Amino acid sequence: MSAMSAGAALDEIPAAQATLHGRIKWLCRSIQLAAAAWSVWVPVSFLWRWLPIDPDGLVGPLGYALKTDMSGLSAAQVEWFLALTLVVWIPDLAVGYCIWRLFGTYLDGRIFTADAAIWMRRVGVSGLAAVAADIVVRKVGLFILTSHVQLPLSTLLAFQTVLPGDLLRLLFSLFVTALALIFKAAAELADDHAQIV
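Just so it is clear, the structure is predicted and the values come from calculations on it, not from any experiment.

Peer 1: I would appreciate a short explanation of the overall build of the protein chain in the present structure.
Peer 2: Along the backbone of the protein chain there are seven helices and zero strands. When the helices and strands of the protein chain are listed from N to C terminus, the series reads α-α-α-α-α-α-α. Taking 2.2 N^0.38 as the reference for a compact globule, 197 residues should give roughly 16 Å; the C-alpha atoms of the protein chain span a radius of gyration of 24 Å, well beyond that estimate. Taking the principal axes of the C-alpha coordinates as reference, the protein chain spans close to 80 × 30 × 20 Å. The buried share of the protein chain, taken over its 197 residues, is 34%. Excluding contacts between residues fewer than 6 apart, the proportion of contacts in the protein chain whose partners are at least 24 apart in sequence is 78%. As displayed, the protein chain has an accessible area near 11900 Å², and 72% of this comes from carbon and sulfur atoms. In the protein chain, the 13 positive side-chain charges and the 14 negative ones have mean positions that sit 1 Å from each other.

Rendered as structure tokens:
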């Protein structure tokens, strides 16, 4: 490839990015709005479901699932469970923020750049943190809700430790993280190539 054709190919990259930017602008804005709405929806839907606090409403389903009598569950136990569970919203909020920033870089025209890849990696890593927090808080919450009954530790440790949804979120977060690493390497390679030519 001659130096002239290589230069022409590099001149086409910004034009191609501008065309791509024009085509995905509405999609980027929609994803940003969806990320913001999701970040608010998570705690609102959770509180809508759990308030007002009704320990009696939990006794039946939880007792059935654990195959034990859950009578005696107190409002304080449910309140501690709710407070702990709302902590999971913090990593979820980080995911929403990172998605907002990632698509903000796209809206600024920085599509195949190292900073966009860094924000993509942050989406993946914060997603991994959110999955881990969800698993840990679910288990601690179960210990809180069952602290008044005698259950074998093996039952408490095995009950809903990792759910299929957790594995899907984990897979997606790992995929986004791997894709971000590939994009970052490609952006750095393109920058190096541009400096040589």
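From this point, the discussion proceeds with the structure in view.
Peer 1: Whenever I open this one, the environment of aspartate 56 confuses me. Can you help?
Peer 2: Along the polypeptide, aspartate 56 turns up in helix α2 (residues 55-66). The exposure class of aspartate 56 is exposed, given its relative accessible area of 63%. For aspartate 56 and methionine 70, which are 14 residues apart along the polypeptide, the C-alpha to C-alpha distance reads 9.2 Å.

Peer 1: Looking at this model, I keep getting lost on the pattern of salt bridges. Mind explaining?
Peer 2: Think of it this way: side chains of opposite charge can pair up when their charged atoms draw near. Here the structure, examined in full by the defined rule, presents seven salt bridges. A salt bridge links aspartate 166 to arginine 138; its shortest N-O distance comes to 2.9 Å. Taken together, the positions of aspartate 166 in helix α7 (residues 164-196) and arginine 138 in helix α5 (residues 114-145) put the pair 28 residues apart, joining distant regions of the chain. Accessibility classification places aspartate 166 together with arginine 138 in one group, the buried group. Residue aspartate 166 pairs with arginine 169 through a salt bridge whose shortest N-O separation is 4.0 Å. Highlighted residues: aspartate 166 and arginine 169, both in helix α7, separated by three residues, approximately one helical turn. One salt-bridge network, held together by shared partners, links Asp134, Arg138, Asp166 and Arg169.

Peer 1: Just checking my understanding: could you explain the confidence of the model for the protein chain for this structure?
Peer 2: Low pLDDT means the predicted coordinates in that region are not meant to be read closely. Averaged over every residue, the pLDDT of the protein chain is 86; residues scoring 70 or more account for 91%. For the stretch residues 1-10, pLDDT sits under 50, and the model shows four contacts to residues farther than four places along the chain or on other chains.

Each value, and the rule that gives it
- Residues numbered from 1 in each chain as written.
- Predicted model: local features only at pLDDT ≥ 70, side-chain atom pairs only at ≥ 80, totals over all residues.
- Heavy atoms only, no water.
- Helix = DSSP H or I, 4+ residues; strand = E, 2+ residues; numbered from the N terminus.
- Rg over C-alpha atoms; globule rule 2.2 N^0.38 Å.
- Buried < 20%, exposed > 50% of the residue type's maximum accessible area, 1.4 Å probe, protein only.
- Contact = heavy atoms within 4.5 Å.
- Areas by Shrake-Rupley, 256 points an atom, 1.4 Å probe, with all protein chains shown as cover.
- Lys, Arg positive; Asp, Glu negative; His and termini not counted.
- Charge placed at Lys NZ, Arg CZ, Asp CG, Glu CD.
- Salt bridge = Lys/Arg side-chain N within 4 Å of Asp/Glu carboxyl O.
- pLDDT = per-residue confidence, 0-100.

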